[in-house]
Structures are given as structure tokens and as C-alpha cells.
Amino acid sequence: MPFRPSSIDELLEAAGITQVELAQELNTKQPSISRLSSGTISPTARTIDGLYKVAAKYNITTINFYIPPEN
């Protein structure tokens, strides 16, 4: 399934954190978060795992990081 770049901004807003803070949580740099958010790059499996862990840390269960398949 394709990654939803807008899910990064949704996570940031729901968690009340910045791109810099998310980057620290994922052990990466802020420009990588910006590129994910804009859809310039796709996340690795490790990054997706980290995004779900960050969401869980902030008790966020409503964000879908992938575009659901069409029926």
C-alpha cells in the first residue's frame, strides 16, 4: 500500500510535537521528516515501525499511514 504523506502532519498535530521532535523520536533529522511529509521520499519499514511507536506513545490510534486500497 502507498504511504500517506499527510499522515505525518496528522501525527504531529495529534501528538502536539514538531518535526524536530518527531525526528528525534525516529533517530533521524528534521529534513527527512519534511521530505516524508511532502511525499518527496517514501519511508522505510523501520521508519513506519517508528511512526506507529510514536503514535502509540501519544495514545493515537486513528492515523492511517497508508492509503487504503480501493474496492
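Just so it is clear, the structure is predicted and the values come from calculations on it, not from any experiment.

Undergrad: What exactly am I supposed to notice about the pattern of salt bridges here?
TA: Tallying each qualifying case throughout the model produces three salt bridges. For glutamate 10, the salt bridge goes to arginine 4, with nearest N and O atoms at 2.5 Å. Glutamate 10 sits in the partly exposed class, given a relative accessible area of 32%. Of the charged contacts, one joins aspartate 49 and lysine 53 as a salt bridge, the two residues approaching to 3.1 Å between their closest N and O atoms. Taken together, the residues span about one helical turn, with aspartate 49 and lysine 53 both in helix α4 (residues 45–57) at a distance of four residues.

Undergrad: Before we go on, may I ask you to explain the side chain of arginine 4 in this structure?
TA: Turning to its location among the elements, arginine 4 is positioned in the segment before α1 (6–15). What makes arginine 4 buried here is its relative accessible area of 17%.

Undergrad: Looking at this structure, I do not really get α4. What am I missing?
TA: Residues three or four positions apart in an α-helix share a direction because the helix packs 3.6 residues into each turn. When the terminal C-alpha atoms of α4 are compared, their 18 Å separation across 13 residues agrees well with the 18 Å that a helix rising 1.5 Å per residue should span. Along α4, the positions that sit buried rather than exposed are Thr47, Ile48, Gly50, Leu51, Val54 and Ala55. Down the axis of α4, the buried side of the element spans an arc of 160°, and every buried residue falls inside it. Across from the buried face of α4, at angles greater than 90 degrees, the exposed residues are Ala45, Arg46, Lys53, Ala56 and Lys57. In this fold, the buried residues of α4 make contact with α1, α2 (19–25) and α3 (30–38). Phi for asparagine 59, located one or two positions after α4, is positive at around 55°.

Thresholds, definitions, all that
- Residues numbered from 1 in each chain as written.
- Predicted model: local features only at pLDDT ≥ 70, side-chain atom pairs only at ≥ 80, totals over all residues.
- Heavy atoms only, no water.
- Salt bridge = Lys/Arg side-chain N within 4 Å of Asp/Glu carboxyl O.
- Buried < 20%, exposed > 50% of the residue type's maximum accessible area, 1.4 Å probe, protein only.
- Helix = DSSP H or I, 4+ residues; strand = E, 2+ residues; numbered from the N terminus.
- Expected span 1.5 Å × (residues − 1).
- Arc of directions from axis to C-beta.
- Contact = heavy atoms within 4.5 Å.

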